[in-house]
Amino acid sequence: MKIVTWNVNSIKARGDHVARYLEEAAPDILCLQELKCVDDAFPRERFEDMGYQVVTHGQKTYNGVAMLSKLPLEDITRGLEGDETDEQARYLEAVVSVDGGVVRVASIYLPNGNPAPGPKYDYKLGWMQRLQARAEELLTYEEPLVLAGDYNVIQSADDCYNDKLWAEDALFLPQTRAAFQSFANLGFTDAVRNTHAAPHLYTFWDYQRGAWQKDHGIRIDHLMLSCQAADKLKACGIDKHTRGWERPSDHVPVWIELDF
DNA sequence: ATGACCACATCTTGTGGA
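Residues numbered from 1 in each chain as written. Chains lettered and ligands numbered in written order. Predicted model: local features only at pLDDT ≥ 70, side-chain atom pairs only at ≥ 80, totals over all residues.

Caption draft 1: Up close: unusual backbone geometry. Each neighbour pair has its own omega, and for Asn114 with Pro115 the value is -5°, a cis peptide bond. For the peptide bond that leads from Ala116 to Pro117, omega is 0°, which places it in the cis range. Assignment of secondary structure puts Pro117 in the loop between strand E7 (101-109) and helix H3 (119-139). Its identity as a non-glycine residue notwithstanding, Glu34 has a phi of 60°, on the positive side. (Helix = DSSP H or I, 4+ residues; strand = E, 2+ residues; numbered from the N terminus.)

As C-alpha coordinates, then:
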(Lines give C-alpha, C1' and ligand atoms only; values in the text may rest on other atoms or scores of the structure.)
Protein backbone atom coordinates (compact mmCIF):
# COMPACT_ATOMS: atom_id res chain seq x y z
CA MET A 1 0.00 0.00 0.00
CA LYS A 2 1.36 3.35 -1.08
CA ILE A 3 0.43 6.47 0.90
CA VAL A 4 1.47 9.95 -0.24
CA THR A 5 1.24 13.44 1.26
CA TRP A 6 1.36 16.57 -0.90
CA ASN A 7 0.72 20.23 -0.18
CA VAL A 8 -0.51 21.36 -3.60
CA ASN A 9 -0.92 25.12 -2.88
CA SER A 10 -4.41 25.44 -4.46
CA ILE A 11 -6.18 22.44 -6.00
CA LYS A 12 -7.70 24.66 -8.70
CA ALA A 13 -4.24 25.76 -9.82
CA ARG A 14 -2.81 22.23 -9.51
CA GLY A 15 -5.54 19.91 -10.80
CA ASP A 16 -3.49 18.88 -13.82
CA HIS A 17 -0.47 18.15 -11.64
CA VAL A 18 -2.46 15.97 -9.26
CA ALA A 19 -3.98 13.99 -12.15
CA ARG A 20 -0.55 13.55 -13.73
CA TYR A 21 0.91 12.45 -10.43
CA LEU A 22 -1.88 9.92 -9.80
CA GLU A 23 -1.14 8.37 -13.19
CA GLU A 24 2.59 8.10 -12.73
CA ALA A 25 2.77 7.24 -9.01
CA ALA A 26 -0.52 5.32 -8.63
CA PRO A 27 -0.83 5.84 -4.86
CA ASP A 28 -3.49 4.00 -2.93
CA ILE A 29 -4.07 7.05 -0.76
CA LEU A 30 -3.10 10.65 -1.55
CA CYS A 31 -3.34 13.17 1.29
CA LEU A 32 -3.62 16.75 0.04
CA GLN A 33 -3.15 20.06 1.84
CA GLU A 34 -3.75 23.74 1.08
CA LEU A 35 -6.71 23.21 -1.24
CA LYS A 36 -7.70 26.88 -0.92
CA CYS A 37 -11.28 26.12 -1.91
CA VAL A 38 -14.62 25.08 -0.46
CA ASP A 39 -15.84 21.48 -0.75
CA ASP A 40 -18.23 22.27 -3.61
CA ALA A 41 -15.43 23.76 -5.70
CA PHE A 42 -13.14 20.73 -5.38
CA PRO A 43 -12.75 18.97 -8.78
CA ARG A 44 -13.92 15.66 -7.33
CA GLU A 45 -15.34 14.08 -10.49
CA ARG A 46 -12.06 14.30 -12.27
CA PHE A 47 -10.40 12.11 -9.65
CA GLU A 48 -13.42 9.85 -9.16
CA ASP A 49 -13.19 9.12 -12.89
CA MET A 50 -9.63 7.97 -12.23
CA GLY A 51 -10.84 5.44 -9.67
CA TYR A 52 -10.45 7.40 -6.46
CA GLN A 53 -12.86 8.08 -3.65
CA VAL A 54 -12.65 11.76 -2.72
CA VAL A 55 -13.11 13.15 0.79
CA THR A 56 -12.57 16.85 1.39
CA HIS A 57 -12.52 19.26 4.30
CA GLY A 58 -12.32 22.60 2.55
CA GLN A 59 -12.48 26.28 3.34
CA LYS A 60 -12.74 29.47 1.27
CA THR A 61 -9.38 30.93 0.18
CA TYR A 62 -7.22 29.33 2.87
CA ASN A 63 -6.15 25.93 4.19
CA GLY A 64 -8.24 22.89 3.26
CA VAL A 65 -7.28 19.20 3.32
CA ALA A 66 -8.44 16.13 1.38
CA MET A 67 -7.85 12.46 0.79
CA LEU A 68 -8.08 10.55 -2.47
CA SER A 69 -8.25 6.78 -2.02
CA LYS A 70 -8.58 3.70 -4.17
CA LEU A 71 -9.92 1.85 -1.13
CA PRO A 72 -13.11 2.86 0.69
CA LEU A 73 -12.56 5.50 3.36
CA GLU A 74 -14.53 4.94 6.55
CA ASP A 75 -14.94 6.53 9.97
CA ILE A 76 -14.20 10.00 8.55
CA THR A 77 -13.37 12.82 10.96
CA ARG A 78 -13.20 16.44 9.78
CA GLY A 79 -11.39 18.91 12.02
CA LEU A 80 -9.15 18.53 15.03
CA GLU A 81 -10.94 18.22 18.35
CA GLY A 82 -10.14 20.36 21.36
CA ASP A 83 -11.22 23.87 20.30
CA GLU A 84 -14.83 24.54 19.31
CA THR A 85 -13.92 28.04 18.09
CA ASP A 86 -11.33 26.84 15.56
CA GLU A 87 -12.78 27.20 12.05
CA GLN A 88 -9.63 26.50 10.04
CA ALA A 89 -9.77 23.35 7.89
CA ARG A 90 -6.51 21.63 8.70
CA TYR A 91 -7.28 18.05 9.75
CA LEU A 92 -8.97 15.09 8.09
CA GLU A 93 -8.84 11.51 9.33
CA ALA A 94 -10.14 8.25 7.89
CA VAL A 95 -9.74 4.48 8.10
CA VAL A 96 -9.20 1.92 5.35
CA SER A 97 -9.56 -1.84 5.68
CA VAL A 98 -6.61 -4.02 4.73
CA ASP A 99 -5.83 -7.72 4.99
CA GLY A 100 -6.55 -8.65 8.56
CA GLY A 101 -7.05 -5.16 9.92
CA VAL A 102 -7.14 -1.46 9.26
CA VAL A 103 -4.86 1.47 8.55
CA ARG A 104 -5.81 4.85 9.94
CA VAL A 105 -4.60 7.89 7.99
CA ALA A 106 -4.77 11.62 8.61
CA SER A 107 -4.11 14.53 6.25
CA ILE A 108 -2.63 17.36 8.31
CA TYR A 109 -1.92 21.02 7.56
CA LEU A 110 -0.26 22.35 10.68
CA PRO A 111 -0.34 26.16 11.08
CA ASN A 112 2.64 28.16 9.84
CA GLY A 113 2.77 30.33 12.98
CA ASN A 114 4.62 33.36 11.65
CA PRO A 115 5.19 35.95 12.85
CA ALA A 116 6.49 34.68 16.17
CA PRO A 117 5.84 35.69 18.84
CA GLY A 118 2.21 36.68 18.35
CA PRO A 119 -1.33 35.30 18.09
CA LYS A 120 -0.52 33.20 15.01
CA TYR A 121 2.32 31.53 16.86
CA ASP A 122 0.10 30.93 19.88
CA TYR A 123 -2.42 29.29 17.55
CA LYS A 124 0.30 27.05 16.12
CA LEU A 125 1.45 25.89 19.55
CA GLY A 126 -2.14 25.32 20.68
CA TRP A 127 -2.85 23.30 17.53
CA MET A 128 0.25 21.17 18.15
CA GLN A 129 -0.99 20.44 21.68
CA ARG A 130 -4.36 19.37 20.31
CA LEU A 131 -2.66 17.18 17.70
CA GLN A 132 -0.64 15.54 20.44
CA ALA A 133 -3.80 14.88 22.45
CA ARG A 134 -5.51 13.34 19.40
CA ALA A 135 -2.42 11.26 18.66
CA GLU A 136 -2.30 9.93 22.22
CA GLU A 137 -5.91 8.83 21.86
CA LEU A 138 -5.30 7.14 18.50
CA LEU A 139 -2.19 5.33 19.70
CA THR A 140 -4.25 3.52 22.33
CA TYR A 141 -5.94 1.67 19.44
CA GLU A 142 -2.56 0.01 18.75
CA GLU A 143 -3.20 -0.09 15.01
CA PRO A 144 -1.18 1.06 11.98
CA LEU A 145 -1.51 4.84 12.02
CA VAL A 146 -0.07 7.30 9.49
CA LEU A 147 -0.23 11.00 10.35
CA ALA A 148 0.80 12.59 7.07
CA GLY A 149 1.04 16.19 6.05
CA ASP A 150 2.64 19.59 6.04
CA TYR A 151 3.79 19.98 9.64
CA ASN A 152 5.42 23.38 9.10
CA VAL A 153 8.20 22.20 11.43
CA ILE A 154 11.89 22.06 10.55
CA GLN A 155 12.89 19.40 13.05
CA SER A 156 16.66 19.81 12.91
CA ALA A 157 19.42 21.87 11.29
CA ASP A 158 19.89 18.98 8.86
CA ASP A 159 16.45 19.68 7.45
CA CYS A 160 17.34 23.05 5.94
CA TYR A 161 20.22 24.42 3.89
CA ASN A 162 21.24 27.09 6.42
CA ASP A 163 19.77 26.94 9.89
CA LYS A 164 21.00 30.43 10.82
CA LEU A 165 18.52 31.92 8.36
CA TRP A 166 15.69 30.11 10.14
CA ALA A 167 16.69 30.86 13.73
CA GLU A 168 13.86 33.34 14.35
CA ASP A 169 11.25 31.60 12.22
CA ALA A 170 8.15 29.92 13.63
CA LEU A 171 9.07 26.73 11.73
CA PHE A 172 12.37 26.36 13.56
CA LEU A 173 12.09 28.09 16.94
CA PRO A 174 13.19 25.93 19.89
CA GLN A 175 9.64 25.91 21.26
CA THR A 176 8.31 24.62 17.92
CA ARG A 177 10.87 21.83 17.75
CA ALA A 178 10.30 20.94 21.40
CA ALA A 179 6.55 20.62 20.75
CA PHE A 180 7.17 18.44 17.70
CA GLN A 181 9.68 16.30 19.60
CA SER A 182 7.19 15.82 22.41
CA PHE A 183 4.61 14.67 19.86
CA ALA A 184 7.11 12.33 18.16
CA ASN A 185 8.16 10.93 21.53
CA LEU A 186 4.71 9.43 21.94
CA GLY A 187 6.18 6.74 19.72
CA PHE A 188 6.12 7.96 16.13
CA THR A 189 8.66 7.10 13.46
CA ASP A 190 9.52 9.82 10.94
CA ALA A 191 9.48 7.70 7.76
CA VAL A 192 11.99 9.72 5.73
CA ARG A 193 14.42 10.25 8.60
CA ASN A 194 14.39 6.55 9.41
CA THR A 195 14.82 5.41 5.83
CA HIS A 196 17.34 7.92 4.48
CA ALA A 197 20.33 8.76 6.64
CA ALA A 198 21.60 11.53 4.36
CA PRO A 199 20.97 15.05 5.67
CA HIS A 200 19.56 17.91 3.58
CA LEU A 201 16.66 16.14 1.97
CA TYR A 202 13.94 18.68 1.27
CA THR A 203 10.22 18.72 0.54
CA PHE A 204 9.71 22.47 0.02
CA TRP A 205 11.55 25.08 -2.02
CA ASP A 206 10.40 28.71 -1.87
CA TYR A 207 9.26 30.35 -5.11
CA GLN A 208 11.56 33.27 -4.29
CA ARG A 209 15.29 33.89 -4.66
CA GLY A 210 15.89 30.94 -6.97
CA ALA A 211 15.53 28.54 -4.03
CA TRP A 212 14.79 25.53 -6.26
CA GLN A 213 17.71 26.15 -8.64
CA LYS A 214 20.11 26.56 -5.68
CA ASP A 215 18.57 23.66 -3.73
CA HIS A 216 17.77 25.96 -0.82
CA GLY A 217 14.94 23.85 0.55
CA ILE A 218 13.50 22.71 3.84
CA ARG A 219 11.99 19.40 4.97
CA ILE A 220 8.62 20.07 6.56
CA ASP A 221 6.30 17.46 5.02
CA HIS A 222 6.33 14.32 7.13
CA LEU A 223 4.75 10.89 7.40
CA MET A 224 4.69 9.99 11.08
CA LEU A 225 4.11 6.29 11.75
CA SER A 226 2.87 4.40 14.78
CA CYS A 227 5.03 1.40 15.61
CA GLN A 228 2.45 -0.91 13.99
CA ALA A 229 2.80 1.11 10.77
CA ALA A 230 6.59 1.42 11.05
CA ASP A 231 6.82 -2.38 11.30
CA LYS A 232 5.22 -2.53 7.84
CA LEU A 233 7.41 0.16 6.23
CA LYS A 234 8.93 -1.20 3.02
CA ALA A 235 10.10 1.95 1.24
CA CYS A 236 9.87 5.70 1.39
CA GLY A 237 10.81 8.61 -0.83
CA ILE A 238 10.47 12.22 -1.93
CA ASP A 239 9.20 12.86 -5.47
CA LYS A 240 11.15 16.07 -5.95
CA HIS A 241 10.93 16.03 -9.74
CA THR A 242 7.43 17.55 -9.57
CA ARG A 243 9.05 20.79 -8.34
CA GLY A 244 10.53 21.10 -11.83
CA TRP A 245 7.12 20.90 -13.54
CA GLU A 246 5.52 23.94 -15.15
CA ARG A 247 3.77 26.15 -12.54
CA PRO A 248 4.54 23.77 -9.68
CA SER A 249 3.49 23.72 -6.06
CA ASP A 250 6.29 24.85 -3.77
CA HIS A 251 5.96 21.48 -1.96
CA VAL A 252 6.57 18.01 -3.46
CA PRO A 253 4.95 14.63 -2.73
CA VAL A 254 6.43 12.45 0.02
CA TRP A 255 5.48 8.76 -0.03
CA ILE A 256 5.69 5.51 1.90
CA GLU A 257 5.09 1.94 0.84
CA LEU A 258 3.59 -0.28 3.54
CA ASP A 259 3.67 -4.07 3.39
CA PHE A 260 -0.05 -4.70 3.09
C1' DA B 1 25.23 44.52 -10.01
C1' DT B 2 20.69 44.09 -8.71
C1' DG B 3 16.70 41.81 -7.71
C1' DA B 4 14.38 38.14 -8.09
C1' DC B 5 7.35 34.26 -6.34
C1' DC B 6 2.71 32.68 -6.33
C1' DA B 7 -2.39 32.28 -5.38
C1' DC B 8 -6.49 34.52 -4.00
C1' DA B 9 -9.95 38.14 -3.59
C1' DT B 10 -13.48 40.92 -6.90
C1' DC B 11 -8.60 43.63 -7.53
C1' DT B 12 -4.40 46.62 -10.33
C1' DT B 13 -3.31 46.23 -4.35
C1' DG B 14 -3.28 43.71 0.02
C1' DT B 15 -2.81 39.35 2.51
C1' DG B 16 -0.78 35.02 3.47
C1' DG B 17 2.37 31.64 2.63
C1' DA B 18 7.32 29.58 4.58
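Caption draft 2: Expanded view of the sheet that holds strand E9 (residues 189-190). Pairing is mixed across the open sheet formed by six strands, whose spatial order is E5-E6-E7-E8-E12-E9. The sheet is open, and its two edges are formed by strand E5 (74-78) and E9, each paired on a single side. Bridge count for E5 against strand E6 (residues 91-98) is three bridges, and the pairing is antiparallel. If you follow Arg78 over to E6, its bridge partner there is Leu92. (Pairing = 2+ DSSP bridges.)

Caption draft 3: Local environment of the protein's contact with DNA strand B. Looking at DNA strand B, there are 22 residues lining it, with Ser10, Lys12, Asn112, Tyr207 and Gln208 nearest. Split into classes, the residues belonging to the surface near DNA strand B amount to six nonpolar, nine polar and seven charged. (Near = placed C-beta within 6 Å. Nonpolar A, V, L, I, M, F, W, Y, C, P; charged D, E, K, R; others polar.)

Caption draft 4: View of H3. For H3, which comprises 21 residues, the first-to-last C-alpha distance of 30 Å matches the rise-based estimate of 30 Å (1.5 Å per residue) to within 8%. Of all the residues in H3, the buried ones are Lys124, Trp127, Met128 and Leu131. Seen end-on, H3 carries its buried residues on one side only, within an arc spanning 105°. Projecting away from the buried face of H3 at angles above 90 degrees are the exposed residues Pro119, Glu136 and Glu137. As for H3, its buried residues are in contact with helix H4 (174-184). (Expected span 1.5 Å × (residues − 1). Buried ≥ 20, exposed ≤ 12 C-beta atoms within 10 Å, placed from the backbone. Arc of directions from axis to C-beta. Contact = placed C-beta atoms within 7 Å.)

Caption draft 5: Here's a closer look at the pairing of strand E1 (residues 2-7). The element E1 is extensively covered by neighbouring structure, given that five of its six residues are classed as buried. The sheet contact formed by E1 and strand E14 (residues 254-258) spans four bridges and is antiparallel. Bridged to Ile3 within E14 is Ile256. When E1 meets strand E2 (residues 29-33), the two strands line up parallel, connected through five bridges. When the sheet's bridge partners are listed, Trp6 is paired in E2 with Leu32. Each parallel crossover has a hand, and the one from E1 via helix H1 (residues 11-25) to E2 is right-handed. (Right-handed = clockwise from strand over helix to strand, strands pointing away.)

Caption draft 6: Layout of the environment of Val38. Checked against the element boundaries, Val38 lands in the loop between E2 and helix H2 (44-48). Given 14 C-beta atoms within a 10 Å radius, Val38 is considered partly exposed. Each C-alpha atom of the pair Val38 and Gln88 lies 12 Å from the other, and the pair is 50 residues apart in sequence. The residues touching Val38, leaving out its near neighbours within four places in the chain, are Gly58, Gln59 and Lys60.

Caption draft 7: Spatial organisation of the sheet that holds strand E4 (residues 65-69). Taking strand neighbours across the sheet as the criterion, the six strands line up as E3-E4-E2-E1-E14-E13 in an open arrangement whose pairing is mixed. What marks the edges here is a single partner per strand, and that holds for strand E3 (53-57) and strand E13 (233-238). Direction aside, the axes of adjacent strands within the sheet are offset by 15° on average. (Axes fitted to C-alpha atoms, helices over the stretch in contact; angles between N-to-C directions.)

Caption draft 8: Highlighting the nonpolar core. Ranked by internal contacts, the top residues of the largest apolar core, which has 70 residues, are Ile3, Ala66, Val105 and Val146. With five residues, E7 is the single largest residue contributor to this core. When sequence neighbours within four positions are dropped, the list of residues in contact with Val146 reads Ile3, Val103, Val105, Leu223, Leu225 and Ala229. (Core = buried A, V, L, I, M, F, W, Y, C linked by C-beta atoms within 7 Å.)

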